[in-house]
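Geometric and topological summary
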Amino acid sequence: MVSTEKMTESGEIEGTVNVKRYASSGIIDLQLCYIPIQTLTIIRGEVGGYVSIKLNCGTEIICRVLPVANLFIKVGHQIICFDCVVRYSRSNECTREFISSDLALNITEISCLDTIHVKRISVSVTFGGVDDVLEYKKNVSNFCNDLKGLLRLYGISDNCVIRCRKNPLARMLGVVELHAVCDEITRASVGTITEETEVVVERVCSEDKLKMMVRSSVPLGGLEKILCYLKQLIMDPWKNAEIFQRKGICYPTGVLLVGPPGCGKTSIVRQLCAEEEICLVAASGVDIVGPHHGETESNFRKIGNQAQSLSREGPCILFLDELDSLCSKKTADSQVHELQLTAQVLLVLDECSNCPNLFVIGATNRPYDLDTGVRRSGRFEIEILLNVPTATERASILSVHCQDLLRKDHPGLAKIAESTPGFVGADLEALVQNCKDSFQKQYGKICEENRDDFVNEMLHSLKTITPSINKSLTFLTAKPQLVPIGGLDQVKQQLHHIFSLHTKFSHSYQQFKIKPPRGILLYGPRGCGKTRLIGSLASQHSCTFLSANASQLLSPYVGETEKRIAALFHAARLAQPSVIFLDEIDGLFGVRDSTSGGVHVSLLNELLQAMDGADVNSVSLQGAALFKNQYSDYRHDAVLVCAATNAPDRIDAALLRPGRFDYHIYVPPPDFTARHHILQLKTKKMNLPNDSILDTLAQHTDGYTGAELENLVLQASILAVQMGNIDRETITLSEECLLEALQNTTPSVSKKEIKMYEMFS
C-alpha cells in the first residue's frame, strides 16, 4: 500500500500512512518511533519529542520520535514503532489484545505531546516468575531505586502499560511489565521521571500468577450462602495468619464439594477466586490423562508443583474437578495405572498441606467412588453438599440469566421457579437460552410489551427440558403430568393434605421438633388409579418426583439393585422436597419368612436403612457421609416415600410400622358418583345420545374399577368406528354401542377381594 498525504486549503492534513508496528520487538525495548522527515515536518513534531498514535482498538501508543532517511519514502511514508508503552482508555483498562502489525492509519491520528515532570506516580509491577517476587520482598528499598532508574528511560502517560521484557535493566530486576497511573498527566501530555519523583509500588505480581487469575466475575444465583461460607473458611486463616499461628489454631487445608452435575461446583470456585483475587490452578482428568505409561502421574505432579510454587507468592487454590476420575476407589479389579494415579494424588495432597498459602478444593458428583484415603483428616476434611436449588434459589438463578430481559422482581420468575422442581443451575440456563432463541426467531426482539409472552414461552418449554437429577438415574420413569382423576374425593383430599404439609410446611417440623411422616402406602384393587393419584398430586404440588418400579430396580448383577435403591434415595435427598414412588412394592420387598432368599432380605434391609437414614442430619450413600454446613437450608428431611400395591398382605411388617409407611390409605373401587364422573371424563370429547345414558352405565357397572370403565369406553368407541359413527372431529357413541360394550366386559375384582382390603384397613 502506498501512502498518500496532502495539505488542504485550510492548512489541515489529510491522507493515510502505513504503520509497521512491532510488539516490543526493539533491541532494548525503548519506545522508539521512526518517522520519515517529511511526515515529521507535516505533523509539526520534533526529533526526540513524543507523539501519540491512536489505534482503532481504543488504545494509544506513546512513542519517542526519531527520523528516517528520505530513501525510505520510495516504499511509502511508513512509521515503524515499538509499542512498549501503551495507553489504554478507562473503559478498556484490562484489554491485552493487539491489533495486526500492519495497518493503514489516518495521519490526523498522530499527535504531538507536551512533556512535563511527574511529582508522584503509582506503579504496579509484573515480574517474570515467583522467584523474582520473593527477591523483591527481600530488598524492597533497593528495588524502588532501581525501578526509578528504569522508569526514567520512558515517557509515561496516565494509565499506561510499559512492556520492558528485553530491556537489560528490566531483565536484571526480573521485571517484564509495568502499569503506571498518574493523575498529573493529561491526555495531551507525557510525563518524565526525575530524581525528585516519588515512585509508589502499589502492587507486585508474577507473570505466572497473572495467567492463573480469574478475571471474569458473574453473579451466582442461589449460592451466596455457600460462597460466603467458603470465603470465611479460606480467607480468615490467610488474613489472620499471625493470630492463628500464635494461638496454635489448625485450619483445614481441603474442602470437598459434592453435588449433582450442573449445580455450580466449578462456578462457585471461579467466582471465589475472581472476587478475592486468588490464583487458581485447576486440573481435571481430561487435562492430565496421557496415553503413555507414567505420563498421567507426571502431568499431575507438574500441576501440584505449579500450585506449590505459586503459593509462595500469595494465596492460591488448587482445584481438582471430577475428583472421582483422578482418585477412584481401590478394588480387586483396579488397574495398575489407576492405583498409581491414586497414590500420586494422595502424595501431592500431603505435600500441599505443608504449604500455608495453598488451599485444595475438590469437586465430584460421585463421592461413593472416591478412595477412602482422600477423605481423611488432613486432606479433604470438610465436605460441603450442594443440593438441588429450592424454589427461592431457582428464582434467584433465573433472575441472573434473565437480567437483560426481566426485572428481578418480575412475578413470572417465581412462577417458573415453582414449576421447575429438580432443576439445577445448568438446566435453568439451558431453559432460558432455548427460549431466547425461539422467542427472537418468532418476535424479533424482546421488549416491554411481550415480556409476559416470554414467560409463557418458558413455561411451555419446560416439557422439552429434562432435569439433570433425572438424567443421572437412567431407570427412572418420565416426569408426571397433571391429569384429572374421576372420583376418589376423600382419598384425594387426604393425599392433598399430606402433600401440602410435606412441601409447604416442612420447616415447621424442624421448628417444633416434630418428626415428619416418612411414607404413604396406597393399597387397593388393581386399576383404581393409585399410580395416577401420586403422579398427579406430585405435579400439582411442584416437588421433585422420582418413580421406579420393581422391574426397573431389579438387576441380574449381585449388589446392583442395592446400589440403585441407594442412588434413588440419594437423588431424592439432593432434590428435596421430593417424592419417591415405588410402584408394585410387593414385587420387590415382600414378607420375610423361612423361604426367603438372601437377596430378598438384602433388598428389604437396604430399603429399611434408606428410609431410616432420612432421619439423620448427614446424607449417607453407601457409607459416604456428606457434611452439611451451618448455612444449609436443608436441615429437615423433605423426602416422602409413596408406594402402591394390590397385595398389602404380602408386605413385610417392618415396612408398615410408624416411622416408615405412616399412612395406610385404601383406594376403593369407585362408587356410583365416582363411576359417573369417570365416564363423564372419558367421554367428554365424544357425542352421546343423551345425558341419562351415563347414569344407566354407572348403575350397571357396580364393582368396576377405573381402568375397566376406561376400557368400556374404548370398546364402545371401536364399535362406533366399525358402524361408521365418526366424522373428522368426534366420535358419536350410540346407546347400542355402549350397551354392547357393557355386555362384553365384566368386573375383575370380586367381593371377596374387596372384603380382604377392608379388613386390612
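None of the values given here were measured: they were computed from a predicted structure. (Residues numbered from 1 in each chain as written. Predicted model: local features only at pLDDT ≥ 70, side-chain atom pairs only at ≥ 80, totals over all residues. Heavy atoms only, no water.)

Some thoughts on the overall build of the protein
When its secondary structure is counted, the protein shows 29 helices and 26 strands. Expressed as a percentage of the 761 residues in the protein, the buried residues total 50%. Put simply, of all contacts in the protein between residues at least 6 apart along the chain, 79% involve residues at least 24 apart. Split by element, the accessible area of the protein, about 37000 Å² in all, is 51% carbon and sulfur. (Helix = DSSP H or I, 4+ residues; strand = E, 2+ residues; numbered from the N terminus. Buried < 20%, exposed > 50% of the residue type's maximum accessible area, 1.4 Å probe, protein only. Contact = heavy atoms within 4.5 Å. Areas by Shrake-Rupley, 256 points an atom, 1.4 Å probe, with all protein chains shown as cover.)

What to know about the packing of aromatic side chains
Under the criterion given, the structure shown has six aromatic pairs. Considering the side-chain rings of Phe 127 and Tyr 136, the 5.7 Å spacing of their centres and the 40 degrees angle between planes classify their relative orientation as tilted. Measuring from ring centre to ring centre gives 6.3 Å for Phe 545 and Phe 581, while their planes differ by 25 degrees; the resulting arrangement is stacked. Of this pair, Phe 545 sits in strand β21 (residues 544–549) while Phe 581 is found in strand β22 (residues 578–583), placing the two residues 36 residues apart along the sequence. Here Phe 581 falls in the buried class, since its relative accessible area comes to 1%. The rings of Phe 127, Tyr 136 and Phe 143 are connected pair by pair, giving a single aromatic cluster. (Phe/Tyr/Trp six-rings, centres within 6.5 Å; stacked < 30°, edge-to-face > 60°.)

What about the nonpolar core?
Counting residues in each nonpolar core, the largest one holds 94 residues, and the members touching the most others are Ile 317, Leu 320, Leu 582, Ile 585, Phe 589 and Leu 655. Beyond its immediate chain neighbours, meaning those up to four positions away, Leu 655 contacts Ile 585, Phe 589, Leu 604, Leu 607, Leu 608, Met 611, Arg 660 and Phe 661. Grouped together as the second largest cluster of nonpolar side chains are 32 residues, Val 123, Val 125, Tyr 136 and Phe 143 included. (Core = buried A, V, L, I, M, F, W, Y, C linked by side-chain atoms within 4.5 Å.)

Digging into the sheet that holds strand β19 (residues 382–385)
Read across the sheet, five strands follow the order β16-β17-β18-β15-β19 without closing on themselves; strand pairing throughout is parallel. A single partner strand is all that each edge strand has here, and the edge strands are β16 (279–283) and β19. Looking at each pair of strands side by side, their axes are set apart by 20 degrees on average, direction ignored. Bridge analysis of strand β17 (residues 316–320) against strand β18 (residues 358–364) gives five bridges, and the strand direction is parallel. Note that in β18 the partner of Phe 319 across the bridge is Ile 361. (Pairing = 2+ DSSP bridges. Axes fitted to C-alpha atoms, helices over the stretch in contact; angles between N-to-C directions.)

Side note on the pairing of strand β11 (residues 160–163)
Across the two faces of β11 the burial is the same, with Cys 160 and Ile 162 and Val 161 and Arg 163 all buried. Bridge count for β11 against strand β12 (residues 175–181) is four bridges, and the pairing is antiparallel. Bridge pairing in β12 places Val 161 opposite His 179.

Describing the confidence of the model for the protein
Here the protein shows a mean pLDDT of 79. Residues at 70 or above account for 85%. With pLDDT under 50 throughout, residues 1–13 is counted as low confidence; its partners more than four residues away or in other chains account for 29 contacts. Here residues 614–636 scores under 50 on pLDDT; set against residues more than four positions off or in separate chains, the count is 65 contacts. (pLDDT = per-residue confidence, 0-100.)

Describing the packing of helix α6 (residues 224–239) against helix α8 (residues 265–276)
Interaxial distance between α6 and α8 falls to 11 Å at its minimum, and their mutual angle equals 50 degrees. Judged by the angle between their axes, α6 and α8 are oblique. Between α6 and α8 the crossing geometry is right-handed. Across from Ile 226, Leu 227, Leu 230, Lys 231, Ile 234, Met 235 and Lys 239 in α6, the residues of α8 making contact are Ile 268, Gln 271, Leu 272, Glu 275 and Glu 276. (Parallel < 35°, antiparallel > 145°, perpendicular 65-115°, else oblique. Left-handed = near helix turned anticlockwise from the far one by under 90°.)

Things to note about the state of the cysteines
Considering all chains together, one arrives at zero disulfides under this definition. Cysteine Cys 205 is unpaired, with the sulfur of Cys 279 as its nearest cysteine sulfur at 7.9 Å. Classification of Cys 205 by relative accessible area gives buried; the value is 4%. (Disulfide = S-S within 2.5 Å.)

A short note on unusual backbone geometry
Located in the positive-phi region is Arg 44, a residue other than glycine, with phi close to 60 degrees. A relative accessible area of 63% means that Arg 44 is categorised as exposed.

Focus: the sheet that holds β21
Reading across the sheet, the five strands line up as β21-β22-β25-β20-β26 and stay open at both edges, with parallel pairing between neighbours. Among the strands making up the open sheet, the edge pair consists of β21 and β26 (663–666). This sheet shows a mean twist of 20 degrees between the axes of neighbouring strands, independent of strand direction. Alignment of strand β20 (residues 519–523) against β26, held across four bridges, turns out to be parallel. Opposite Ile 520, over in β26, you have Tyr 663 as the bridge partner. Where helix α22 (residues 560–574) meets the sheet, it contacts β21, β22 and β25 (639–645), and its direction lies at approximately 155 degrees from that of β22.

A short note on helix α26 (residues 692–699)
Burial in α26 covers these residues: Ile 693, Leu 694, Leu 697 and Ala 698. What you see down the axis of α26 is that its buried residues fit within an arc of 140 degrees, all on one side. Elements in contact with the buried residues of α26: α25 (672–682), α27 (706–722) and α28 (735–743). (Arc of directions from axis to C-beta.)

Section: the pattern of salt bridges
Considering all chains together, one arrives at 19 salt bridges under this definition. Measuring nitrogen to oxygen at the nearest pair gives 3.7 Å for the salt bridge that ties Arg 120 to Glu 198. Here Glu 198 lies in strand β14 (residues 198–206) and Arg 120 lies in strand β10 (residues 120–127), a separation of 78 residues in the sequence. Ionic pairing is found between Arg 312 and Asp 131, a salt bridge with its closest N-O pair at 2.9 Å. (Salt bridge = Lys/Arg side-chain N within 4 Å of Asp/Glu carboxyl O.)

Details of the pairing of β22
Taken across its six residues, β22 has six buried, putting it largely inside the fold. Side chains Ser 578, Ile 580 and Leu 582 of β22 all project onto a buried face; the interleaved residues Val 579, Phe 581 and Asp 583 project onto the opposite face, where all are buried too. As paired strands, β21 and β22 are joined by six bridges and run parallel to one another. Its bridge partner being in β22, Ala 548 is matched across the sheet by Leu 582.

What about the side chain of Ser 555?
Within the fold, Ser 555 resides in the loop between α21 (550–553) and α22. On the basis of relative accessible area, Ser 555 is assigned to the buried category, the value being 16%. Not counting residues within four places of it along the chain, the set of residues in contact with Ser 555 comprises Glu 560, Thr 561 and Arg 564.

Brief notes about the environment of Leu 346
The residue Leu 346 is located in helix α12 (residues 336–352) in this model. Classification of Leu 346 as buried rests on a relative accessible area of 11%.

Regarding the packing of α25 against α27
Where α25 meets α27, the closest approach of the two axes is 10 Å, and the angle between their N-to-C directions is 40 degrees. Regarding the angle of α25 to α27, the classification is oblique. Helix-helix and strand crossings are classified by hand; for α25 and α27 the assignment is right-handed. Seen from α25, the contacting residues are Arg 675, Ile 678, Leu 679 and Lys 682; seen from α27, they are Gly 706, Leu 709, Glu 710, Leu 712 and Val 713. Partitioning the contact of α25 with α27 into residue classes produces five nonpolar, one polar and three charged. (Nonpolar A, V, L, I, M, F, W, Y, C, P; charged D, E, K, R; others polar.)

Comments concerning the environment of Glu 297
Along the chain, the position of Glu 297 falls in helix α10 (residues 295–311). Among the residues examined, Glu 297 registers a relative accessible area of 10% and is labelled buried. Considering only alpha carbons, one finds Glu 297 and His 337, 40 residues apart in sequence, at a separation of 8.8 Å. In contact with Glu 297, not counting residues within four places along its chain, are His 337, Gln 340, Leu 341 and Gln 344.

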